[in-house]
Amino acid sequence: MKDNAMQWRGKLISWVAIFFASGLGSGFIPLAPGTWGSLVGVVLVWKFWGSSILLQVLWAVLLGALGVWVSGVTCQYFKKEDCQYIVIDEIVGLMVTMVGIPITGYELAIGFLLFRFFDVVKPFPVSWVDKKLKNGLGVMLDDVVAGLYGNLLMHLMMRAKL
């Protein structure tokens, strides 16, 4: 009886981790799951992003830490180093892109496009992180670096009033 309860507990933990790692299930949409995950990030930023940069950084760090754990569990469950269903990394990457940026439809659209560009093209060191680091940390970190590129460009554009 105790073994059965332990099995169910393990399955429940895996399912909850997969739910969050997949961006509330958006990672299971067949075409371009990373784009769908980024769109979940757009909705979360639009709905819950405050004006305090400290709180924005705190949210990104906390969700990033959760992302490392749930990505690791999901990779183990599906027996893959970087499972295609995981999109919490895109959500956090988009959040990093938008730190300190005023949230309007225009800024969110530009931030989304910039983040997706850097996530797909993977300029150095994004590509290095993607190739060298594995497990939950590796899954998350390349998107955080892509988000830092996006954030830097967003701030430069904002300063230039583009």
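Because the structure is a prediction, the values reported are computed rather than measured. (Residues numbered from 1 in each chain as written. Predicted model: local features only at pLDDT ≥ 70, side-chain atom pairs only at ≥ 80, totals over all residues. Heavy atoms only, no water.)

It is not clear to me how the environment of Leu114 should be interpreted in this structure. Could you clarify?
Along the chain, Leu114 turns up in helix H5 (residues 105-121). Along the backbone, Leu114 and Gly93 are 21 residues apart, and their C-alpha atoms lie at a distance of 11 Å. Every residue in contact with Leu114, bar those within four places of it in the chain, is listed here: Gly150, Leu153, Met154 and Met157. (Helix = DSSP H or I, 4+ residues; strand = E, 2+ residues; numbered from the N terminus. Contact = heavy atoms within 4.5 Å.)

Sorry, what's going on with a nonpolar patch on the surface here?
On the surface, a nonpolar cluster with roughly 1,100 Å² of combined accessible area is contributed by Trp8, Leu12, Ile13, Trp15, Val16, Phe19, Phe20, Leu24, Leu66, Trp69 and Tyr77. Elements supplying a minimum of two residues to the nonpolar patch: helix H1 (2-21) and helix H3 (53-78). In terms of residue count, the dominant contributor to the nonpolar patch is H1 (7 residues). Summarising the element assignment, Leu24 is placed in the loop between H1 and helix H2 (33-48). (Patch = residues over 30% accessible without salt bridge, like charges linked within 9 Å, V, L, I, M, F, W, Y side chains within 5 Å. Areas by Shrake-Rupley, 256 points an atom, 1.4 Å probe, with all protein chains shown as cover. Salt bridge = Lys/Arg side-chain N within 4 Å of Asp/Glu carboxyl O.)

What's the story with the packing of H5 against helix H7 (residues 135-159) in this structure? I'm lost.
Angle between the axes and distance between the axes: these two values describe a pair of packed helices. Taken N-terminus to C-terminus, the directions of H5 and H7 make an angle of 135°; their axes are 8 Å apart at the nearest point. As summarised for this structure, H5 and H7 are arranged oblique, according to the angle between their axes. Relative to H7, H5 is oriented so that their crossing is right-handed. Facing Glu107, Ile110, Gly111, Leu114, Phe115, Phe118 and Asp119 of H5, the residues of H7 in contact are Asp142, Asp143, Ala146, Gly147, Tyr149, Gly150, Leu153, Met154 and Met157. In terms of residue class, the contact of H5 with H7 is built from 9 nonpolar, 3 polar and 4 charged. (Axes fitted to C-alpha atoms, helices over the stretch in contact; angles between N-to-C directions. Parallel < 35°, antiparallel > 145°, perpendicular 65-115°, else oblique. Left-handed = near helix turned anticlockwise from the far one by under 90°. Nonpolar A, V, L, I, M, F, W, Y, C, P; charged D, E, K, R; others polar.)

Got a minute to help me understand the pattern of salt bridges in this structure?
For side chains bearing opposite charge, pairing can occur when the charged atoms are close. A complete count under the given rule lists 4 salt bridges for this structure. Note that Asp119 is salt-bridged to Arg116, the shortest N-O span being 2.7 Å. Pair noted here: Asp119 and Arg116 are both in helix H5, with a separation of 3 residues, about one helical turn. For the pair shown, Asp119 and Arg116 are each scored as buried. (Buried < 20%, exposed > 50% of the residue type's maximum accessible area, 1.4 Å probe, protein only.)

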